[in-house]
There are 4 protein chains.
Amino acid sequence: MKNNYSLFCNVCPWSHYIVSLGFLLLTAVANGAGTATGQVDPQATEIWNSVPVVVTPGAGSAPPSDAIILFDGSNHSAWEKGVGAADTYTDFAEFLQKLKKPGDPIAWDVKDGSMTVKPGSGYIKSKQAFGDVQLHVEWKSPNKLLKEGQDRGNSGIFLQGLYEVQVLDSYQHQTYSNGQAAAVYKQVSPLVNASLPPGQWQTYDIIFTAPVFGSTGNLVAPARVSVIHNGVLVQNNVSIWGPTTYRGVPLYRQHPAKLPLVLQDHNELVSFRNIWLREL
Amino acid sequence: MKNNYSLFCNVCPWSHYIVSLGFLLLTAVANGAGTATGQVDPQATEIWNSVPVVVTPGAGSAPPSDAIILFDGSNHSAWEKGVGAADTYTDFAEFLQKLKKPGDPIAWDVKDGSMTVKPGSGYIKSKQAFGDVQLHVEWKSPNKLLKEGQDRGNSGIFLQGLYEVQVLDSYQHQTYSNGQAAAVYKQVSPLVNASLPPGQWQTYDIIFTAPVFGSTGNLVAPARVSVIHNGVLVQNNVSIWGPTTYRGVPLYRQHPAKLPLVLQDHNELVSFRNIWLREL
Amino acid sequence: MKNNYSLFCNVCPWSHYIVSLGFLLLTAVANGAGTATGQVDPQATEIWNSVPVVVTPGAGSAPPSDAIILFDGSNHSAWEKGVGAADTYTDFAEFLQKLKKPGDPIAWDVKDGSMTVKPGSGYIKSKQAFGDVQLHVEWKSPNKLLKEGQDRGNSGIFLQGLYEVQVLDSYQHQTYSNGQAAAVYKQVSPLVNASLPPGQWQTYDIIFTAPVFGSTGNLVAPARVSVIHNGVLVQNNVSIWGPTTYRGVPLYRQHPAKLPLVLQDHNELVSFRNIWLREL
Amino acid sequence: MKNNYSLFCNVCPWSHYIVSLGFLLLTAVANGAGTATGQVDPQATEIWNSVPVVVTPGAGSAPPSDAIILFDGSNHSAWEKGVGAADTYTDFAEFLQKLKKPGDPIAWDVKDGSMTVKPGSGYIKSKQAFGDVQLHVEWKSPNKLLKEGQDRGNSGIFLQGLYEVQVLDSYQHQTYSNGQAAAVYKQVSPLVNASLPPGQWQTYDIIFTAPVFGSTGNLVAPARVSVIHNGVLVQNNVSIWGPTTYRGVPLYRQHPAKLPLVLQDHNELVSFRNIWLREL
């Protein structure tokens, strides 16, 4: 393509001649110098016709002005009863259907500005559904940890109810690497272990890009995730292999562009606070 | 997450015990050996519950069985009159609206199994709209090329009517690198110049991933393109900067997920044949 | 950054004034019109100072002029005895060391322009090592296929000796999806099944991007692969999870930027021909 | 590939039989149930043989234990005199050569824990060179801002001395969008404007992936960058088009894998503090 049309006739009748004069002069110099790049108009690479929206940042990890607040410490009204993990269903469509339906009120405890898993009461899911997000979550392992392995402060953050970033006490404590804190569970180990001791609040800053499916349900682009754990980059825009599965390899299946955020009840007293996200 | 639920109760009442036995034995060995990976069940990483659809390939560059044929040499019934280039509009919304509306029949000449630009008759667009595609196009520069620079067998393939892969006679002939054959026009130069002489048929095999826009019209993922020119990879999954623009830097603007394929009338007798694509 | 330096003093003494004049005029119009983009110099986005190298394409799937020919039908002098699959070693470093060492001559049969696996003689590897490549391979399953599952015309193309694109007779024949022809073995199933019947030559056109490792051996970017099987895109720039492993999930380990191409001996009479690649 | 070799002979003589028994049982169930995934060994997808290194996070935006401290408020000993912007050189090789050579001590002022541009004294560069990094920078526009446009608290962070993330007072103040704070200068506008008022400290948390070049100097993968501005994601893993250029479109040129970090002197009293990075 080399565009033959003139835009200038729409502007004002004399502009074409003036600009042409400018071009002539520029062209003359360009020919003389041999490289066009050096002498061309710097305005040519300025973008003026699209202005980024103003967002007021929060102080520290407080939510910015365009954030959707999922938990500010006062109540759990943004959440409802979840439906468990996808891989406990033999029928994926049934899982999706349940995930999208409104759920009962949740029983997790809200106290002192934080929300704690009520063991046995089940997963919880956000009432609102999301696609690509910047997500901030703070979480804390229980102080008294008698157990080992995967039973030590275990919970999980399921993006779109399907793609889990592991929550676990991994401070001076080992399990399989792709099952420790900040792992894409059973897939990608974190780059480093940036865990704080149990009883201390830890932060996840997550950048999540939802998968894209084609017209026949095929996968066009996998989900991707970055995780910053306590200020340390531990997942760097990794491709997620598919929905989290406890057994076997994951397999993408088509789902809606927006699905709820899910927090796991893994029978342990993991606490959460200051949960917000921004839709990207 | 470590899933506490058993899937097996849904299967048969005794399976749990048998598998548990298997696990016990496996676990024993794993503990003994130190690495679990070496001894685990190879079936664990097999995918059985999703079977790829069968597609019958075409011979050579003939279309495979799932292709949409846009031009097979007989007629141009898959095409209609286009609306020019986006950057000749001051209002992008107006461009999109026109692009999506049905167009008049086209005047390009069909002869001897190929379709040739009718200079001055305007761009043409496919009646059908597309998102991500694998696209095969064959094209030929006119034999008699008296002109130079961008006026030498110039045409273009506009993916989604917006993102141009340049068509130009670039055989032993130079223009600006990001304006030669197989360039993402005014953006990314081809890796190498794999052009054939004018008068010979050339092929483009293009893999195009459409851009993804967020809920507020923001860009979530740019368009990407690979181009294989006469069998040689010349664009390797490059990010497209935005809709092709003749002046200034490109800027993404939200548009529908599917838009027509467009071929350019640049006033020269460029010919096309064997145009097909597969929706990805 | 807004650059305060003038490039023009290096060019010719009067150019600055002339261009400034051009800028003044352009600026005047820009101010009048409201958008700078429409009126700026189209030369500003031309690239002249980097010219793509000329490559002469081959006819059909014949190698282009810059290809490295690994097998042209006459002899197997570009190959040497391989060292098996990485996951049969307990020590990855030992595998790498062996992979990089020169190997003995191979025993595979060359006849009628093709090269056929000599069952039991072992894997073969290219004498030369490669990073990112465009690879063309043609292969053929044996005509008489009595066996089923993974024992039906099984071989494999191991990019960098580590990342396998599966070779298998998958024509009207099912195995696990991520184990069929054109699968990233035990990882990513092909998008569709574009297999030809046994006894017919099939083509793989592969675009491979090697993984990138950081200074501490950590993974910075995973390997990526596209596969066009008999002209049909079946892997679309997918991330490879790690080196192919028969058991368990793959795990990236640092390795040199260039490693040999490997073909598998899986005890079956699979044939190969017309193998070439271009370093990207 | 289906691996025929047994790993178990290396482990202990009886293991093969035990595991085979496990497999038999598993296989029996699998055959009965129809899907292998549901019943396979969960250990198969655990990674044990690679343990993430422990990193102690810093409080708030304090550096983690594995960070390289480039400025902690006490002195500017990690920095030396820079060599200006690449596009002010006609010879890129000359620019690179100068960038890599040791520089003179810098004249920027260190006071009250921050470092302020000394106008006219020139760019500064880190003594150490870097590839992929997680970078934390805090910066502050001068309180008294009399000027407009690009002359309002302008500075810049040049990753590898080549790829600029813009520093500018963009609080209630407009310039071209791809020239405002957190823009990839003259390329990609930030997603939103998360600026704080002049006189307040602002943070950039940057994740940078260096470009990858091929053996002939060709670009294999472009540089990529994410920027979190005051806690708000404003660049989401965008591809950088090439080295920052004030005029014309950028063009990648091969350079070493590691190059210094550069801060710009744009003749204004911009201050910096708490600069650290982690090599990825």
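Anything mentioned here points back to the structure above.
The rules we used
Residues numbered from 1 in each chain as written. Chains lettered and ligands numbered in written order. Predicted model: local features only at pLDDT ≥ 70, side-chain atom pairs only at ≥ 80, totals over all residues. Heavy atoms only, no water. Helix = DSSP H or I, 4+ residues; strand = E, 2+ residues; numbered from the N terminus. Buried < 20%, exposed > 50% of the residue type's maximum accessible area, 1.4 Å probe, protein only. Contact = heavy atoms within 4.5 Å. Areas by Shrake-Rupley, 256 points an atom, 1.4 Å probe, with all protein chains shown as cover. Polar contact = N/O pair within 3.5 Å; in protein donor to acceptor, adjacent residues only side chain to side chain. Salt bridge = Lys/Arg side-chain N within 4 Å of Asp/Glu carboxyl O. Least-squares fit on C-alpha atoms with pLDDT ≥ 70 in both. Buried area = accessible area lost by both parts, 1.4 Å probe. Nonpolar A, V, L, I, M, F, W, Y, C, P; charged D, E, K, R; others polar. Pairing = 2+ DSSP bridges. Core = buried A, V, L, I, M, F, W, Y, C linked by side-chain atoms within 4.5 Å. Phe/Tyr/Trp six-rings, centres within 6.5 Å; stacked < 30°, edge-to-face > 60°.

Undergrad: What exactly am I supposed to notice about the overall build of chain A here?
TA: Summing up its helical and strand segments, chain A has two helices and 17 strands in all. Within chain A, the proportion of its 280 residues that are buried is 64%. Long-range contacts, defined here as pairs at least 24 residues apart, represent 68% of the contacts in chain A between residues at least 6 apart. Entry remark: accessible area of chain A is about 10,200 Å², with carbon and sulfur atoms responsible for 53%.

Undergrad: Explain the environment of Thr116 of chain B here, please?
TA: Residues and elements named next belong to chain B. For Thr116, the location among the structural elements is in strand E5 (residues 114-116). Among the residues examined, Thr116 registers a relative accessible area of 15% and is labelled buried. Look past the residues within four positions of Thr116 in its chain and what remains in contact with it is Trp108, Asp109, Leu269, Val270 and Ser271. Within the local environment of Thr116, its side chain forms a polar contact with the side chain of Ser271, the two groups lying 2.7 Å apart.

Undergrad: Would you mind showing me how to read the pattern of salt bridges here?
TA: What the rule picks out here adds up to 24 salt bridges over all chains. A salt bridge links Arg278 of chain A to Asp66 of chain A, with the shortest nitrogen-to-oxygen separation between them at 2.8 Å. Within this pair, whereas Arg278 of chain A is found in strand E17 (residues 271-279), its partner Asp66 of chain A is found in the loop between strand E1 (53-54) and strand E2 (68-71), the two being separated by 212 residues in sequence. Among the ionic pairs, Lys258 of chain C bridges to Glu279 of chain C, the shortest N-O distance being 3.1 Å. Separated by 21 residues along the polypeptide, Lys258 of chain C in the loop between strand E15 (232-239) and strand E16 (259-263) and Glu279 of chain C in strand E17 (residues 271-279) bring together distant segments of the chain. Judged by its relative accessible area of 37%, Lys258 of chain C falls in the partly exposed class.

Undergrad: Could you clarify how one ought to interpret the relation of the copies chain D and chain A in this entry?
TA: Two copies of the chain are present, and they differ by a rotation about an axis and a shift along that axis. Laying chain D over chain A is done by rotating through 180° and shifting 0.0 Å along the axis; what remains is an RMSD of 0.0 Å. The superposition operator between the copies reduces to a two-fold rotation axis.

Undergrad: Would you mind showing me how to read the interface of chain D and chain A here?
TA: Many analyses report the size of an interface as the accessible area lost when the parts associate. Facing the 50 residues of chain D at the interface are 50 residues of chain A. Both sides of the chain D and chain A interface together cover about 4,300 Å² of buried area, and 58% of this is carbon and sulfur. Of all residues in chain D, Thr45, Pro52 and Arg247 of chain D bury the most surface against chain A, accounting for 14% of the area lost on that side. Our enumeration of links across chain D and chain A arrives at zero salt bridges. Elements with a contribution of two residues or more to the side of chain D that touches chain A: strand E1 (53-54), strand E10 (192-193), strand E11 (202-209), strand E15 (232-239) and strand E17 (271-279) of chain D. Considering every element that reaches the side of chain D that touches chain A, the biggest residue donor is E15 of chain D, with four residues. Partitioned by chemical class, the residues of the side of chain D that touches chain A number 24 nonpolar, 22 polar and four charged. Where strand E10 (residues 192-193) of chain A meets E1 of chain D, two bridges bridge the pair, whose relative direction is parallel.

Undergrad: In this structure, what is going on with the pairing of E17 of chain C? I would like to understand it.
TA: Consecutive side chains along a regular strand alternate between the two faces of the sheet. All names here are of chain C. Burial within E17 is extensive, with seven of its nine residues counted as buried. Two elements, strand E2 (residues 68-71) and E17, share three bridges in a ladder whose sense is antiparallel. If you follow Ile69 over to E17, its bridge partner there is Trp276. As paired strands, strand E5 (residues 114-116) and E17 are joined by two bridges and run antiparallel to one another. Residue Met115 lies in a different strand from E17, and its bridge partner there is Phe272. Pairing analysis gives seven bridges linking strand E7 (residues 133-140) to E17, with the strands arranged antiparallel. Bridged to Val133 within E17 is Glu279.

Undergrad: I would appreciate a short explanation of the nonpolar core in the present structure.
TA: Soluble globular proteins tend to pack their nonpolar side chains together in the buried interior. Ranked by size, the top nonpolar core spans 126 residues in total, and within it Trp79 of chain B together with Trp79 of chain D carry the most contacts. The contact partners of Trp79 of chain B, leaving out residues within four places of it in the chain, are Leu70, Phe71, Ile106, Met115, Ile124, Lys125, Ser126, Lys127, Leu261, Leu263 and Ile275 of chain B.

Undergrad: For this particular structure, what's the right way to read the packing of aromatic side chains?
TA: Both the distance between ring centres and the angle between the ring planes are used here to describe each pair of aromatic rings. Scanning the entire structure with this criterion turns up 42 aromatic pairs over all chains. Ring centres of Tyr176 of chain A and Tyr185 of chain A lie 6.2 Å apart, and the angle between their planes is 55°; this geometry places the pair in the tilted category. Pair check on accessibility: Tyr176 of chain A and Tyr185 of chain A agree, each one buried. On the numbers, 4.0 Å between centres and 5° between planes, the contact of Trp241 of chain A with Trp241 of chain C is stacked. Taken as a pair, Trp241 of chain A in the loop between strand E15 (232-239) and strand E16 (259-263) and Trp241 of chain C in the loop between E15 and E16 lie in two separate chains rather than in one. Just as Trp241 of chain A is buried, Trp241 of chain C falls in that class too. Through successive ring pairs, a cluster of aromatic residues spans Tyr163, Phe208, Phe213 and Tyr252 of chain A.

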